[in-house]
Amino acid sequence: MSLMLLDWINDELASQRIIVKDIEEDLFDGQILQKLIEKLANVRVEVPEVTQSEIGQKQKLRIVIEYMNRTLNVAMGWNQQKWTVDTIHSKNLVAILHLLVALVRHFRAPIRLPDNVTIPVLVVQKRDGLLQTKRITEEITTTNDDIGARFERDAFDTLFDHAPDKLNVVKKSLVTFVNKQLNKINLEVTDLDNQFHDGVYLVLLMGLLEGYFVPLYSFHLTPTTFEQKVHNVSFAFELMVDAGLPQPKARPEDVVNLDLKSTLRVLYNLFTKYKSVT
């Protein structure tokens, strides 16, 4: 998960030519965290100039953390259990992960956090003049914890968890279904895992299934950016809802990020409604 968060931070700060290489080593002094919250919230956080002294670093970090806490609207005291100026500055990985996960959820970052991430932690306490240690397991994410999404498990969860051998059978059926329509305009899906992530085929598929031409100005036929792809998938979802389908369970960002389970859910909903369409 650390690598996923690292990539997300670098994507957010790419326009500023900032490259973060290590979550623990690069975030502790508050400089990167300041740039990150400014980018996410589109604000300017007034902090002292860059300083190498520990006191100066903590002063800057405190301002940034306090701003983040207000933005995240976390309950007073709750964040103190998860992250503090001291734990972040001391490069405590657990605290840093808790803070970044909170930012991901609040700003609905276009990443899917893995479920049930835990970290073993060694706790050292001094009692009666003696040091006592114990090991605990710190929970970073729970099931379906990403961006606060809490959905009921469905057949695809079961399929992925317990019957992966049947996955190819389902994918083959869905490929046959979509190609029956896309072949009408000389298009073909050969790689279900990757060919729907930009939303183009989803938009065209909805037009074919519902019997109308989708104006080319309403979506990006050759999307090149993440935002353009999200627009396309979001537009396809709107067309699905307009056609009487339930709001897709997946987020557009999940599909764009090549989350196979999300893509399969979307396509299976179409298959259920339109499987008899010639």
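Scroll up to find the structure this text is about.
Described in the following lines is the structure provided in the data block. Values in this document were obtained by computation on a predicted structure and should not be read as measured data. (Residues numbered from 1 in each chain as written. Predicted model: local features only at pLDDT ≥ 70, side-chain atom pairs only at ≥ 80, totals over all residues. Heavy atoms only, no water.)

**A closer look at the packing of aromatic side chains**
Here is step 1: Under the criterion given, the structure shown has 3 aromatic pairs.
Here is step 2: The structure contains a cluster of three or more aromatic residues connected by ring pairs, namely Phe177, Tyr268 and Phe271.
Here is step 3: Sitting above the plane of the Phe28 ring, Lys91 keeps its charged end 4.6 Å from the centroid. (Phe/Tyr/Trp six-rings, centres within 6.5 Å; stacked < 30°, edge-to-face > 60°. Lys NZ or Arg CZ within 6 Å of the ring centre and 35° of its normal.)

**Points about the nonpolar core**
Here is step 1: With 40 residues, the main nonpolar core has Trp8, Leu33 and Leu100 as its most contacted residues.
Here is step 2: Looking at this core, the elements with two or more residues in it are α1 (2-13), α2 (23-27), α3 (31-41), α4 (54-72), α6 (85-89) and α7 (93-106).
Here is step 3: Per-element accounting of this core gives the leading share, 10 residues, to α7.
Here is step 4: Apart from residues lying up to four places away in sequence, Trp8 is in contact with Leu36, Leu40, Leu100, Leu103, Val104, Ala109, Pro110 and Ile111.
Here is step 5: If you look at the next biggest cluster of nonpolar residues, it comprises 37 residues, including Phe196, Met240, Val266 and Leu270. (Core = buried A, V, L, I, M, F, W, Y, C linked by side-chain atoms within 4.5 Å. Buried < 20%, exposed > 50% of the residue type's maximum accessible area, 1.4 Å probe, protein only. Helix = DSSP H or I, 4+ residues; strand = E, 2+ residues; numbered from the N terminus. Contact = heavy atoms within 4.5 Å.)

**What to know about helix α13 (residues 260-274)**
Here is step 1: The end-to-end C-alpha separation of α13 is 21 Å, in line with the 21 Å expected for 15 residues at 1.5 Å each.
Here is step 2: Among the residues of α13, Leu260, Lys261, Ser262, Thr263, Leu264, Arg265, Val266, Leu267, Leu270 and Tyr274 are the ones counted as buried. (Expected span 1.5 Å × (residues − 1).)

**Observations regarding the pattern of salt bridges**
Here is step 1: As enumerated under the stated definition, the model contains 8 salt bridges in all.
Here is step 2: The partner of Asp86 in a salt bridge is Lys58, and the shortest N-O contact between them spans 3.1 Å. Of this pair, Asp86 sits in helix α6 while Lys58 sits in helix α4, and the two are 28 residues apart along the sequence.
Here is step 3: Since its relative accessible area comes to 45%, Asp86 is described here as partly exposed.
Here is step 4: What makes Lys58 partly exposed here is its relative accessible area of 22%.
Here is step 5: Note that Arg251 and Asp254 form a salt bridge whose closest N and O atoms lie 3.5 Å from each other.
Here is step 6: A residue is classified by how much of its surface remains accessible, and Arg251, at 7% relative accessible area, is buried.
Here is step 7: Asp254 gets classed as buried once you look at its relative accessible area, which sits at 3%. (Salt bridge = Lys/Arg side-chain N within 4 Å of Asp/Glu carboxyl O.)

**Overview of the environment of Glu38**
Here is step 1: You can see Glu38 is positioned in helix α3.
Here is step 2: Overall, Glu38 belongs to the buried group, its relative accessible area being 11%.
Here is step 3: With residues up to four places along the chain from it excluded, the contact list for Glu38 reads Val43, Arg44 and Val45.

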